[in-house]
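# Coordinate analysis (summary)
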Amino acid sequence: MKSQPITKKDRIISLDIIRGIALFGILLINVPAFIIMMENSPQPDMSGFNGILHALVEAFIEKKFFSIFSFLFGVGFYIFVSRAEERGDRYYLRYVRRLLALLLFGIINALFIFWGDILHIYALFGFVLLPFYKLKPKNILLSVGLIAFAHWVARIVCMTVFSPTAKPPALLDFIASDSLTIIIMFLLGLYAAKSGIVRNVSQHLRTFKITRSITFVLFVIFAGIILWITSKPETDTTIFYQKSFISLGAIPMTLFYLSTLFILLENKALQNTLRPIGHVGQMAFTNYIGQALLGRVIISFMGLEVISPLPALIISLVIYAIEVMISTLWLRKYKQGPLEWLWRRMTYGKPSV
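Structure report, in brief. As a convention, each chain's residues are numbered from 1 in the sequence order in which they are written. In view of the model being predicted, local features appear only for residues whose pLDDT reaches at least 70, and side-chain atom pairs are presented and counted only at 80 or more, with totals across whole chains, interfaces and linings using the full set of residues. By convention in this description, side-chain values take in all heavy atoms of the structure and omit both hydrogens and water.

## A short note on the environment of Ile-79
Starting at the N terminus, helices and strands are each numbered in turn, a helix being any DSSP run of H or I of at least four residues and a strand any DSSP run of E of at least two. Relative to the helices and strands, Ile-79 resides in helix α3 (residues 64–86). In this structure the C-alpha to C-alpha distance between Ile-79 and Leu-190, which are 111 residues apart in sequence, comes to 8.9 Å.

## Some remarks on the packing of aromatic side chains
Here a Phe, Tyr or Trp ring, Trp counted by its six-membered ring, pairs with any other such ring whose centre lies within 6.5 Å, and the pair is stacked when the planes are under 30 degrees apart, edge-to-face when over 60, and tilted otherwise. This structure, assessed with the given rule, holds 27 aromatic pairs. Summarising the aromatic geometry, the rings of Tyr-91 and Tyr-133 are spaced 5.7 Å apart at their centres and angled 55° between planes, so their arrangement reads as tilted. Separated by 42 residues along the polypeptide, Tyr-91 in helix α4 (residues 91–112) and Tyr-133 in the loop between α5 (119–125) and α6 (137–161) bring together distant segments of the chain. Type-normalised accessible area, obtained with a 1.4 Å probe on protein chains alone, sets the label of each residue: buried when under 20%, exposed when over 50%, and partly exposed for intermediate values. Take Tyr-133: its relative accessible area is 3%, and that puts it in the buried class. Cluster of aromatic residues (ring-pair linked, three or more members): Phe-77, Tyr-78, Phe-80, Tyr-91, Tyr-92, Tyr-95, Tyr-133 and Tyr-348. Here, a charge over a ring means that NZ of Lys or CZ of Arg falls within 6 Å of the ring centre while also lying within 35 degrees of the ring normal. The cationic tip of Arg-98 hangs over the ring face of Trp-343; the distance from NZ or CZ to the ring centre is 3.7 Å. A cation sits over an aromatic face here: Lys-194 above Tyr-133, 5.3 Å from the ring centre.

## Focus on empty space enclosed by the protein
Definitions used for this entry: grid spacing 1 Å over protein atoms alone; cavity, a set of points where a 1.4 Å probe fits but cannot get out; pocket, an open set with protein on both sides within 12 Å along at least 5 of 7 lines; lining residue, one with an atom within 4 Å of a point. Grid points are joined across faces, edges and corners, and a volume is the space filled by probe spheres set on the points. For the structure shown, the criterion picks out one cavity of 30 Å³ or more. In this structure, the largest cavity occupies an estimated 30 Å³ of space. Asn-30, Phe-34, Asn-109, Phe-114, Tyr-288, Gln-291 and Ala-292 together form the lining of the largest cavity. Of the residues forming the lining of the largest cavity, the biggest block, three residues, is contributed by helix α13 (residues 284–302). Under the scheme applied, nonpolar residues are Ala, Val, Leu, Ile, Met, Phe, Trp, Tyr, Cys and Pro; charged residues are Asp, Glu, Lys and Arg; polar residues are all the others, including Gly. Split into classes, the residues belonging to the lining of the largest cavity amount to four nonpolar, three polar and no charged.

## Section: the pattern of salt bridges
Here, a salt bridge means any side-chain nitrogen of Lys or Arg that lies within 4 Å of a carboxyl oxygen of Asp or Glu. Applying the stated criterion to the full structure yields six salt bridges. Notably, a salt bridge pairs Asp-89 with Arg-94, separated by 2.9 Å at the nearest N-O pair. Shared partners join several salt bridges into a network, and the residues in it are Arg-87, Asp-89 and Arg-94.

## Structural notes on unusual backbone geometry
The backbone phi angle of Lys-63 is positive, close to 75°, even though this residue is not glycine. Here Lys-63 is to be found in the loop between α2 (48–60) and α3. The partly exposed category is assigned to Lys-63, whose relative accessible area is 22%.

## Notes on a nonpolar patch on the surface
A cluster of nonpolar side chains, contributed by Ile-210, Ile-214, Phe-216, Val-217, Leu-218, Val-220 and Ile-221, occupies part of the molecular surface with about 590 Å² of accessible area. By the secondary structure assignment, Val-217 is in helix α9 (residues 205–230). Its relative accessible area of 47% is what places Val-217 among the partly exposed residues. The patch calculation keeps residues exceeding 30% relative accessible area without a salt bridge and links them within 9 Å when they carry like charges or within 5 Å when they are nonpolar (Val, Leu, Ile, Met, Phe, Trp, Tyr). Accessibility throughout is a Shrake-Rupley quantity obtained with a 1.4 Å probe, and a residue counts as covered only by protein chains that appear here.

## Observations regarding α13
Residue count minus one, scaled by 1.5 Å, sets the expected span of a helix. Over its 19 residues, α13 extends 26 Å from the first C-alpha to the last, a length consistent with the 27 Å expected when each residue adds 1.5 Å. Note that the bend at a residue is defined as the angle between axes fitted to the seven residues ending at it and the seven residues starting at it. Its axis deflected by about 25° at Gly-290, α13 carries its strongest bend there. Within α13 the residues assigned to the buried category are Ala-284, Phe-285, Thr-286, Asn-287, Tyr-288, Ile-289, Gly-290, Gln-291, Ala-292, Gly-295, Ile-298 and Ile-299. Positive phi shows up at Gly-303, right after α13, with a value of about 70°.

Following this line, the structure appears as structure tokens:
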């Protein structure tokens, strides 16, 4: 049995580009968190342009780009397992080994590089995908619908029945949590990959356009509500409702982004223009870890004690520009990023052939 990295011919370029875009959104959210805030630490400046940037990030980026990444994780799960099955590999055990390797990377990242690591969470939740692999696409979609309905109902109950200081029962709290959002997006990615719509977007344009139209309405509604709440004086109550609506709107707003991007990226000229961003996405694992390392170096060099929205944007742009350049140069010589290579080596126990 031979394992090989996905070739250029086999790659879905639009997925790499969308993954690269998602990485920038994740970076923008993470940069302020590279400095751990203590109780007596200086507070970020939220006045003037900083306040406007903060409101825009909360409304249009917070939780949406992690959700895009979660969707792509589900797509990647199907691609990995189906390719392993085609090779006659013991694909379930191979995938478990892959998740355990990811868990190890995540723990190392969380302990030594960035406390806000998402990799260990993805590794743990990735096991949830296994029983869904053999289901028909329509049954996966039905499962997603039922789970999403329970998630939204639980979120609304938590928002309307419980006060900002009251803790909902554990089960209700979990169903309403961002953890379930990740699982829902995992399953949507699995559905999109198994049904073939992400590989044959042109044949499913009507589905993408209907999805975009429906979610656009929800996108406008949730963005408007979040911006309105963010404009109010910050209190425990406004923060509570702001976070609640951000969570409630995460899935429909993410689906609007995804459907729009898939439609736009059917344009080959645009694909070619955005290819450098695709290089970042192709090395997403390496670049995710690299963002935290670069961020810590830059923040230390600048001597910052707190990061307000405008400096966060500038630092994010600098880090991302470095990653675009390094990824492009690296992929001219190698087929995959260094951590991608190591992850594959840990998954298969031997070098790719």
